Amino acid sequence: MTQRLREDTVRDLAIRYGVAANAVTFATNGVEAGRIAEAIGRPVAVKLVADNVVHKSKAGGVLLGVAPEETRRRTEELLEAQRAMGATVRGVTVEAMVDAGLEAVVGGLDAPGFGPVVMFGHGGVDIEILDDVVFALAPIDAAEARRIVSNTRLGRVIEKRFPQRLDDILEMLIAVGGPSGLLLNEDITEVDFNPVVITFDRIVAVDARATALDVTECHVRPVPDPSASYETLRPAIYPRSVAIIGASADEQKMGFRAVRSLVDFGYTGQILPISSKNTSIYGVPTLPDIDALPENIDRAVLALPAAAVPDTLRALAARGTRTAHILTADTPPFNDILNASDLRVLGPNCIGHYTPYERMTMIGTDASGTTEGHLAVVSQSGTYAGDILRRGTELGLQFSFVSSVGNCDDVSPSELLAFCEADPRTHAAAFYLEDDRWAGEFFRLAKTMTKPVILFKGGRTVAGGAAAASHTGALASDPQLLEDAARQAGVLLVDDLDQLLDVLTALQFVPALDGDNLALVGSGGGVAVVGSDRADRWNLQMAPFAESTRTRLASFDAPGTSLSNPIDIPIWSLFDETGSFTGSIVSAVAADASINAICAFLDLGTVFDMQAVEPGNKLVRSLTEDLVSADRGGVPLALVLRSGFDQNQDELVRQLRPVAAAAGVALFDSVDRAIDALGGVRWLTRHAKNPGGDLR
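Model, not experiment: these values are computed from the prediction.

On to the environment of L5. Structurally, L5 can be placed in the loop between β1 (2–4) and α1 (7–16). The spatial distance from the C-alpha of L5 to the C-alpha of D51 is 9.1 Å, given a sequence separation of 46 residues.

Okay, here's the thing in structure tokens:
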């Protein structure tokens, strides 16, 4: 249960923490208000204090510029009118008027899942309409406070008009959300200073509201330690022994498929099916019960009726089993068992786990790649986990592991993120998550990581879920809280599964992108124009070529050709009877010292407008092989083969994907998707180079 604090109490608390707040006095009636105004000796602001009125200005509960001699009468009129409208009136606050200026909001919120967050932006009565606020996870320091201010339109106005007040604003933000600030050190769930009036001479909060919890809770949950998480979860991610609880000889049951997939995929460890009915399953000898298991096995897979799960976990814990993965959904609670043992559980309600290192998979073995890689994916959705593995294998992605983790009733996404940071086999980590229970610890940990983190988030329209007891709380129920927390932490937030796979594809070949200058080379002016627009979204620039580059490209000039950046060369000007020119063009561009990455595209439909199927296929292969084998001097290259979607062209793209991969080139279906992927890598690299910096 939350309790609204009286405004004078909030002001006193704020002043104690160093917030520049206007002094205010509480009065229960007009007579008291009049005496206070006469003592101030100049015009005052009178503001309603009522339990059921949050936004006083909109409710007609604020009087401004009231002369001391008018204060008693006007206060009594205000209170009478508010009671008539149903307000639960407690009184008013009286304070000296403040000169007009820019109006900001400084707020704080203990948001469900996220923990304490700080907000700054354009304040006043129209704060929601102006939509100019930025959130950040607390605690913040001066550098983070400056980033928050600079990432609002109001902040940029202040930097230009009142630069001498910037330090005051930063101090106020730190007083609210710094390590020693009131949000982290008081029993506050929401606090709002709105407006904070900013003038040439000073800043001052002239309105304040806050709510407090009856019971003190830990504001910031500790983030998992990567080395400890690695030791704890290594038996689950890379197990050397696997028990299948609920193993079955019925080929339609999960307990059979769990055994078969391990055998067929060539699992390198010990397989231990548990069955009281069968002496062997799929050629693997069984054990009669859990008591017959060796002690301290790495991983148990539970394919059981939900009601049987708690007792099974208890028996596994007694054998010293290190980890369990529960495939079953709707299981009874089992926290008491985990609290009494060292057993750790993934799930419930998931489809399993994949790793090429130990040769285990959650899907069909024919659809599972066997190449050991360095991309990790954790998904609360079993469907998305399967999609990522199937599609990723088709795209040539090479994973360290993909894990379906379902409800995460024990092992959290944050612990799995910590595991990825410590795992030498993982170089980048991607997550699909559906709720915000661990958002605060997830993002606070991600901010400290050395590896790229990508997040595809379901349920973004309800991020935060805070009660609207303040402007800060109302705005925190918007997806912006999630988006700002991800941006602050350097987590790349993607919109869909395709973008997730595209970024992983780029990262596999381009682990980092150290510069903003992109060259676009291809056959199609319209595609190049739109590609340039797409690059601009990611702050990628189509840098002009150096004179020496223009000289190297001059030999490829032909009617209909543009050799500036972006380059537009018709398909028929990319080859002659001697062969393809695509490699020479790419090499010429890559030699330009200003170019940090190249996106090249070929329009296959145009080829087959000119050529029959067989000669067309041969030409596309020639153009592609020449292009991807070009000497680039280490400059990253993304290739786009734009299929016309007929069967032949799609199959040709499929066949050329491994050709590009073998040359270290990522292959995409469209220029938009290729540039989004390169832009994502560049965004992640900027964060790695400048943690907490300006990421907009």
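Okay, the UniProt feature "domain: CoA-binding" (unreviewed entry) in the protein next. Under the present numbering, the feature "domain: CoA-binding" (unreviewed entry) in UniProt falls on residues 236–331. Across residues 236–331, helical content stands at 25% and strand content at 23%; the span's end C-alpha atoms are separated by 20 Å.

Let's shift gears to unusual backbone geometry. Residue P139 is reached from A138 by a cis peptide bond, and omega for that bond is 5 degrees. Within the secondary structure, P139 is located in the loop between β8 (133–137) and α5 (142–150). Residue P566 follows N565 across a cis peptide bond; omega there is 10 degrees. One can find P566 in the loop between α20 (547–553) and β26 (567–568).

It is worth spelling out helix α23 (residues 613–628) at this point. Taking 1.5 Å per residue as the helical rise, α23 with its 16 residues ought to reach 22 Å, and the 22 Å between its terminal C-alpha atoms agrees with that figure. For α23, the complete set of buried residues consists of G616, N617, L619, V620, L623, T624, L627 and V628. The buried residues of α23 occupy an angular sector of 165 degrees when projected down its axis, which confines them to one face. Exposed and oriented more than 90 degrees from the buried face of α23 are E614 and K618.

Spatially, five strands are ordered β13-β12-β16-β17-β18 in an open sheet, and the strand pairing comes out parallel. Two strands bound the open sheet, and with one partner strand each, they are β13 (270–274) and β18 (344–346). Each adjacent strand pair in this sheet contributes to an overall mean axis angle of 20 degrees, direction not counted. Strand direction decides the pairing type here: strand β17 (residues 323–326) and β18, joined by three bridges, are parallel. Across the sheet, residue T323 finds its bridge partner in β18, namely R344. The sheet contacts of helix α9 (residues 226–237) involve β16 (299–302), β17 and β18, and relative to β17 the element is tilted by about 55 degrees.

In total, this model carries 15 aromatic pairs according to the counting rule given. Relative to F442, the ring of F431 lies with its centre 5.1 Å away and its plane at 80 degrees, an arrangement referred to as edge-to-face. Here F431 is found in strand β22 (residues 428–433), whereas its partner F442 is found in helix α15 (residues 439–446), with eleven residues between them in sequence. For the pair F431 and F442, a shared accessibility class is recorded, and that class is buried. Ring pairing ties together the aromatic residues Y230, Y238, Y357, F401 and F419, which thus form one cluster. Against the face of F265 rests R359, its NZ or CZ located 4.9 Å from the ring centre. One Lys or Arg, R425, reaches over the ring of Y238 and ends 4.4 Å from the middle of that ring.

A word on the sheet that holds strand β3 (residues 44–50). Strand order in the open sheet made by the four strands is β2-β5-β3-β4, with antiparallel pairing throughout. Edge positions in the sheet fall to β2 (25–27) and β4 (62–66), since each of these pairs with one other strand and no more. The sheet shows a mean angle of 25 degrees between the axes of neighbouring strands, direction not considered. Note: β3 against β4, three bridges, orientation antiparallel. Bridge pairing in β4 places V44 opposite V66. Each of β3, β4 and β5 (89–96) touches helix α3 (residues 71–84); the most contacted strand, β5, lies at about 145 degrees to it.

Let's shift gears to the pairing of strand β30 (residues 637–642). On any regular strand, side chains alternate: one points to one face of the sheet, the next to the other face. Judged by how many residues are buried, β30 sits mostly within the fold: five of six residues are covered. The pairing of strand β29 (residues 597–603) with β30 spans six bridges and is classified as parallel. Each residue of the ladder has a partner; that of D603, found in β30, is R642. Where β30 meets strand β31 (residues 666–668), three bridges bridge the pair, whose relative direction is parallel. Residue pairing across strands places L639 opposite L667, the latter belonging to β31. Regarding the hand of the β-α-β motif, the stretch spanning β30, helix α24 (residues 647–662) and β31 is right-handed.

One pass over the full model with this rule turns up 37 salt bridges. Two residues, E441 and R221, come together in a salt bridge whose shortest N-O distance is 3.2 Å. On the criterion of sequence distance, the pair formed by E441 in helix α15 and R221 in the loop between β11 (208–213) and α9 is long-range, its members being 220 residues apart. For R314, the salt bridge is made with D311, and the minimal N-O distance between the two is 2.8 Å. Placement of the pair is R314 and D311 together in helix α11 (residues 309–318), with a separation of three residues, close to one helical turn. Each of D502, R657, D669 and R673 takes part in salt bridges that share partners, so that together they form one network.

Analysis parameters
- Residues numbered from 1 in each chain as written.
- Predicted model: local features only at pLDDT ≥ 70, side-chain atom pairs only at ≥ 80, totals over all residues.
- Heavy atoms only, no water.
- Helix = DSSP H or I, 4+ residues; strand = E, 2+ residues; numbered from the N terminus.
- UniProt positions renumbered as here; feature names shortened; annotations may be inferred.
- Expected span 1.5 Å × (residues − 1).
- Buried < 20%, exposed > 50% of the residue type's maximum accessible area, 1.4 Å probe, protein only.
- Arc of directions from axis to C-beta.
- Pairing = 2+ DSSP bridges.
- Axes fitted to C-alpha atoms, helices over the stretch in contact; angles between N-to-C directions.
- Contact = heavy atoms within 4.5 Å.
- Phe/Tyr/Trp six-rings, centres within 6.5 Å; stacked < 30°, edge-to-face > 60°.
- Lys NZ or Arg CZ within 6 Å of the ring centre and 35° of its normal.
- Right-handed = clockwise from strand over helix to strand, strands pointing away.
- Salt bridge = Lys/Arg side-chain N within 4 Å of Asp/Glu carboxyl O.

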